[in-house]
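# A look at the structure
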Amino acid sequence: MATDMRDTVEQAKPPPQLQIYPTSSSGISPFWREKYERDARKYWDVFYKRHHDRFFKDRHYLDKEWGHYFSGAERKVILEVGCGAGNTIFPLIATYPTIFIHACDFSPRAINLVKAHKDFMESQVNVFVCDLTADDLSKQISPSSVDIVTMVFVLSAVSPEKMPLALQNIRKVLKPDGYVLLRDYATGDLAQERFSCKDQKISENFYVRGDGTRAFYFSDEFLMSLFTENGFDIEEHSLCCKQVENRSREIIMNRRWVQAVFRLHDASSSRCTIPGNELVRGRDSMPQLNKSPLEEPVYESEIDIADSVAVEMFGISISSDEIIEVNIGESIFKMKVVPKEFQHTCKSTGLMLWESAQLMASVIAANPTIVAGKRVLELGCGCGGICSMVAVVSAADLVVATDGDSKALDLLTQNLSANLSPPDLDRIITKRLEWGNKDHIEGIKKLNDTGFEMIIGTDVTYIPEAISPLFATAKELISPVGGGSEECEPAVIFCHVLRRVDEPAILSAASQFGFQLVDKWPTGVPTGSSKSIISTWFPENACNFIPTAALNIMYFRRAKTAF
């Protein structure tokens, strides 16, 4: 009796709710964390390929802020670390024509931009590619020969655990009384606040932008400790703030950055600015003692970032969507998706077009009988909905394209309107559906209370926790009756990249919710099945038809005794 009651309770439980994209802001995965570190040079190279020399403004404020360090009777030798396109180099040369500048960046494209500048002269600038955390500066610059090192929004691009390596490398070429002039991002900056709302956190105060470049936000304690522990004394330190207004977007950005000067420690001198007496820049740009921790410092100097692209750089908004063309059969579909450089930081997986979706759409286009005259449901269609569009064109009676992400559905609506016209457009409906969500499922049933003869999902099985809600949803929405022949029996088709899924978990969940695998490709018909269904879909030259050999298709039907 107790067992019967327990079974009744378990049957009454609603199916679990889960969608294939994460809902938490727990930060990026270890895989991406390692990739960003490994490919840091590549991401910055792509950055300069995209923006050339248009992103950062020339830093004409350097003379106003640090002019007394650059002036003097003797010819000063400068090292500009992370020189980019030369936004520090050429304003300094114009103001102090006698100086000599060593300049390095680990983006080869950035170095080429410096060399291509109209004011570049080899007699005054030595520019070279260098990874400050790995390449020895003393192989390019004579040891203890540099008077001043400038680091303007550069150190923040380095992993915090590697920052000491960068400072020790700089010490090799800096004179005993040499200075490091630094300006960089501060904690509390609007960009950091916006990043904290996304899954773009790498570690404490360290984030990845949408284009793969990274940014660290310095607290006073971290910055001071970093330099003092690596042999530098604090000469100056200020917190700077500025409101940047983008009128076209009606956005006001509260930007915060730190500005500091450090001097290579001289063991014979005890001079050091005591933490707590750091300078704060006020509206009059004159040094003041930071006597009150409640006082909000304000700094009116111009910020380095070009206003036209600052919004994109700092995570407030990603760039405009990208239009891609997809050839399916004899049709060309133009679809709006998130650009590739932003896809890896998207919370939703539905803002891009997956290879499995292209394969399944091609299969349907080549074999319209799969969907012709049937009611078709696509699970996790994403913003492209390519399988749904091809199903409509292939004479499906009704197509319901679903996804759990509202942004993906917004783009999907635009893509449907751009690629379909009546009467095809009239036979497709978009609907939000989180797998296992009872209210969402009931909403789908109101659109079609007789169930669906064909349910399709592409790359929807790669998160193990999503598999059970997926099959639970399919069980609720599949048609309970067949069409009289085996070929017309209601079916569920999942297409995926093999390396991303746990097929034993898929089979277990399928059995739990009353489905059985009747065919799979490319490994053939399962034991007990009479014939292959999927192999007939492919032409003889299937190798030219398939985007990648890693793609797999699984074909399920209702178990005869389960429903």
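Remember, it's a predicted structure, so these values are computed and weren't measured experimentally.

With that out of the way, let us pick up the overall build of the chain. When you go through the chain residue by residue, the secondary structure sums to 17 helices and 21 strands. A total accessible area of about 25600 Å² is found for the chain, and carbon and sulfur atoms account for 50% of it.

With that out of the way, let us pick up the pattern of salt bridges. Tallied over the full model, the rule gives 17 salt bridges. Here Lys162 and Glu37 are joined by a salt bridge, their closest N and O atoms 2.8 Å apart. Note that Lys162 is positioned in the loop between β4 (146-152) and α7 (163-173) and Glu37 in helix α2 (residues 30-38), a separation of 125 residues in sequence. Asp39 is paired through a salt bridge with Arg38; the nearest N and O atoms lie 4.0 Å apart.

Okay, the nonpolar core next. Counting residues in each nonpolar core, the largest one holds 44 residues, and the members touching the most others are Met360, Ile386, Trp537 and Ile553. Not counting the four nearest positions on each side in its chain, Trp537 is found in contact with Met360, Val363, Asn367, Ile370, Ile493, Ile553 and Tyr555. Counting residues in each nonpolar core, the second largest holds 43 residues, with Val149, Met151, Leu155 and Phe232 among its members.

With that settled, consider the pairing of strand β15 (residues 375-379). Summarising burial for β15: 5 of the 5 residues are buried, a large majority. Covered by surrounding structure in β15 are Arg375, Leu377 and Leu379 together with Val376 and Glu378, the residues of both alternating faces. Of the crossover connections in this fold, the one passing from β15 over helix α13 (residues 386-393) to the parallel strand β16 (residues 398-403) is right-handed. Pairing between β15 and strand β18 (residues 454-458): 4 bridges, direction parallel. Across the sheet, residue Leu377 finds its bridge partner in β18, namely Ile455.

It is worth spelling out the sheet that holds strand β6 (residues 201-203) at this point. Pairing within the open sheet is antiparallel, and its 3 strands lie in the order β6-β7-β8. Every interior strand has two partners, whereas the edge strands, β6 and β8 (214-216), have only one. Across the sheet, the mean angle from the axis of one strand to that of its neighbour is 30°, orientation sign disregarded. In the sheet, strand β7 (residues 206-208) pairs with β8 via 3 bridges, with the strands oriented antiparallel. Within β8, the residue paired with Val208 across the bridge is Arg214.

Within the chain, residue pLDDT values average 80, and 74% of them lie at 70 or more. Within the chain, the lowest mean pLDDT, 33, falls on strand β12 (residues 287-289), and the highest, 97, falls on β15. Low pLDDT, under 50, characterises residues 19-25; the stretch is placed with 27 contacts to residues that sit more than four places away or in other chains.

The next thing to look at is the environment of Val390. Examined against the element boundaries, Val390 turns out to sit in helix α13. When the C-alpha atoms of Val390 and Ile364 are compared, they prove to be 6.8 Å apart, with 26 residues separating the residues in sequence. With near-sequence residues (within four places) excluded, Val390 lies in contact with Ile328, Phe333, Ala361, Ile364 and Ala365.

Per the counting criterion, the structure on display carries 0 disulfides. This cysteine, Cys241, is not joined by any disulfide, and Cys240 carries the nearest cysteine sulfur, 7.4 Å off. Accessibility expressed as a relative area gives 8% for Cys241, which makes it buried.

Now for the sheet that holds strand β21 (residues 551-558). Across the sheet, which stays open at both edges, the 7 strands sit in the order β17-β16-β15-β18-β19-β21-β20 with mixed pairing between neighbours. This sheet does not close on itself; its edge strands, each paired only once, are β17 (428-432) and β20 (515-521). Each strand axis lies, on average, 20° off the axis of its neighbour in the sheet, ignoring direction. As defined by bridge partners, β15 adjoins β16 across 4 bridges and the pair is classed as parallel. When the bridges of β16 are listed, Val376 appears paired with Val399.

So, on to the packing of aromatic side chains. Counting across every chain of the model gives 23 aromatic pairs. Taking the centre distance of 5.7 Å and the plane angle of 50° together, the rings of Phe471 and Phe515 count as tilted. With a gap of 44 residues between them, Phe471 in helix α16 (residues 464-477) and Phe515 in strand β20 connect regions that are remote in the sequence. Neither Phe471 nor Phe515 differs from the other in exposure class; each is buried. Here the aromatic cluster, defined as three or more aromatic residues joined through ring pairs, consists of Phe31, Trp32, Tyr36 and Tyr43.

Turning to helix α15 (residues 438-447), a few remarks are in order. Within α15, the full set of buried residues consists of His440, Ile441, Gly443 and Ile444. All buried residues of α15 project into a common sector of 155° when viewed along the axis, lining one side. Exposed residues lying more than 90 degrees from the buried face of α15 are Lys438, Asp439 and Lys446. Those residues of α15 that are buried are in contact with β16, β17 and α16. Where α15 begins, the side chain of Asn437 points an oxygen toward the backbone nitrogen of Asp439, at a separation of 3.0 Å.

This next bit is on unusual backbone geometry. Residue Pro423 follows Pro422 across a cis peptide bond; omega there is 5°. Among the structural elements, Pro423 can be located in the loop between α14 (406-419) and β17. A cis amide bond, omega 15°, links Trp521 with the succeeding residue Pro522. In this fold, Pro522 is placed in the loop between β20 and β21. If you check the backbone angles, Phe153 has positive phi at about 50° while not being a glycine. Assignment of secondary structure puts Phe153 in the loop between β4 and α7. Take Phe153: its relative accessible area is 11%, and that puts it in the buried class. If you check the backbone angles, Asp459 has positive phi at about 50° while not being a glycine. Mapped onto the fold, Asp459 is located in the loop between β18 and α16. A residue is classified by how much of its surface remains accessible, and Asp459, at 2% relative accessible area, is buried.

Definitions and cut-offs
- Residues numbered from 1 in each chain as written.
- Predicted model: local features only at pLDDT ≥ 70, side-chain atom pairs only at ≥ 80, totals over all residues.
- Heavy atoms only, no water.
- Helix = DSSP H or I, 4+ residues; strand = E, 2+ residues; numbered from the N terminus.
- Areas by Shrake-Rupley, 256 points an atom, 1.4 Å probe, with all protein chains shown as cover.
- Salt bridge = Lys/Arg side-chain N within 4 Å of Asp/Glu carboxyl O.
- Core = buried A, V, L, I, M, F, W, Y, C linked by side-chain atoms within 4.5 Å.
- Buried < 20%, exposed > 50% of the residue type's maximum accessible area, 1.4 Å probe, protein only.
- Contact = heavy atoms within 4.5 Å.
- Right-handed = clockwise from strand over helix to strand, strands pointing away.
- Pairing = 2+ DSSP bridges.
- Axes fitted to C-alpha atoms, helices over the stretch in contact; angles between N-to-C directions.
- pLDDT = per-residue confidence, 0-100.
- Disulfide = S-S within 2.5 Å.
- Phe/Tyr/Trp six-rings, centres within 6.5 Å; stacked < 30°, edge-to-face > 60°.
- Arc of directions from axis to C-beta.
- Polar contact = N/O pair within 3.5 Å; in protein donor to acceptor, adjacent residues only side chain to side chain.

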